[in-house]
Amino acid sequence: MSGSQAASGVESAFSAEFAELYREHAAHVQRFCLSQVGDAGVAEDLTHETFLRAFGVEAGRRPSGDLRPWLIRIARNLCVDQHRRGGRMRRLLTRLRSTPAAAPSVELVAEERELLRRVQIELQQLRRRERELIGLRVAADLSYRDIGAILGISEDAAKVATHRALTRLRAHLEETP
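In this text, all values refer to a predicted model and were calculated from it rather than measured experimentally.

Undergrad: Is there a simple way to explain the pattern of salt bridges in this structure?
TA: Side chains that differ in charge, positive against negative, can pair when their charged atoms come close. Within the structure shown, the criterion is met by seven salt bridges. Here Arg53 ties to Glu49 by a salt bridge, and the two come within 3.1 Å at their closest N and O atoms. Here Arg53 pairs with Glu49, and both are found in helix H2 (residues 40-54), just four residues apart, close to one helical turn. Here Arg127 and Glu130 are joined by a salt bridge, their closest N and O atoms 3.1 Å apart. You can call Arg127 exposed: its relative accessible area is 53%. Residue class for Glu130 comes out buried when judged on its relative accessible area of 6%. If you follow the salt bridges from partner to partner, you end up with Arg127, Glu130 and Arg168 in one network.

Written out as structure tokens, the structure reads:
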């Protein structure tokens, strides 16, 4: 086997590994980024940057086991950097998990959009840490153990803090018409 064939084989394996990791985790990373920055275009850019870093600078720090918390940690750092550069932070609470069998009515779509708008407004009333906890739990779909690992707190502390943040959000939503 020549040197160019060996290099081609390594590139092929790298590309396949990258594609598999992206396919498996990109949606979660993008939802988390969207929950942090509130702009779909910026969230998409941050998602791509997350995977580029995962296979570049951060590749040597790659943990064994579940890679989603590691990817979300990279994404979180990029979101913080984005915020520091003046990006406006907004959060997304609701994710639509099920698709109705029939096309939704115009009224239902309007109600859901209004609810999402209210949630985004009320999220902005919460403290940064509360928005982050909600984003990690709801948008990124992480376990409390993973949230704790990302934030440097215990699993129990993550559970309690997330519960309190969600309770505050619910209270804000109930207060507004």
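Once the structure has been displayed, the description carries forward.
Undergrad: I keep staring at the state of the cysteines and nothing clicks. Help me out?
TA: Simply put, disulfide is the name for a covalent bond between the sulfur atoms of two cysteines. If you walk through the whole model with that rule in mind, you get zero disulfides. Here Cys33 stays free of any disulfide, with the sulfur of Cys79 as its closest cysteine sulfur at 3.9 Å. Accessibility expressed as a relative area gives 3% for Cys79, which makes it buried.

Undergrad: Help me understand the packing of aromatic side chains, please; the structure alone is not making it clear to me.
TA: A ring pair, where both rings are aromatic, is described by two values, the distance of the centres and the angle of the planes. Taken as a whole, this structure holds one aromatic pair when the rule is applied. Taking the ring centre of Tyr144 as reference, the NZ or CZ of Arg137 above it sits at 4.0 Å.

Undergrad: Help me out: how do you make sense of the nonpolar core in this one?
TA: What tends to happen in soluble globular proteins is that the nonpolar side chains get buried as a cluster. Counting residues in each nonpolar core, the largest one holds 28 residues, and the members touching the most others are Ile72, Leu136 and Ile147. For this core, the elements supplying multiple residues, two or more each, are helix H1 (3-37), H2, helix H3 (68-84), helix H5 (128-139) and helix H6 (144-151). Ranked by residue count, the leading element in this core is H3, at seven residues. Residues in contact with Ile72, not counting those within four places in the same chain, are His28, Val29, Phe32, Leu136, Ala140, Leu142 and Ile150. If you look at the next biggest cluster of nonpolar residues, it comprises nine residues, including Leu126, Ile134, Val138 and Ala165.

Rules behind the numbers
Residues numbered from 1 in each chain as written. Predicted model: local features only at pLDDT ≥ 70, side-chain atom pairs only at ≥ 80, totals over all residues. Heavy atoms only, no water. Salt bridge = Lys/Arg side-chain N within 4 Å of Asp/Glu carboxyl O. Helix = DSSP H or I, 4+ residues; strand = E, 2+ residues; numbered from the N terminus. Buried < 20%, exposed > 50% of the residue type's maximum accessible area, 1.4 Å probe, protein only. Disulfide = S-S within 2.5 Å. Phe/Tyr/Trp six-rings, centres within 6.5 Å; stacked < 30°, edge-to-face > 60°. Lys NZ or Arg CZ within 6 Å of the ring centre and 35° of its normal. Core = buried A, V, L, I, M, F, W, Y, C linked by side-chain atoms within 4.5 Å. Contact = heavy atoms within 4.5 Å.

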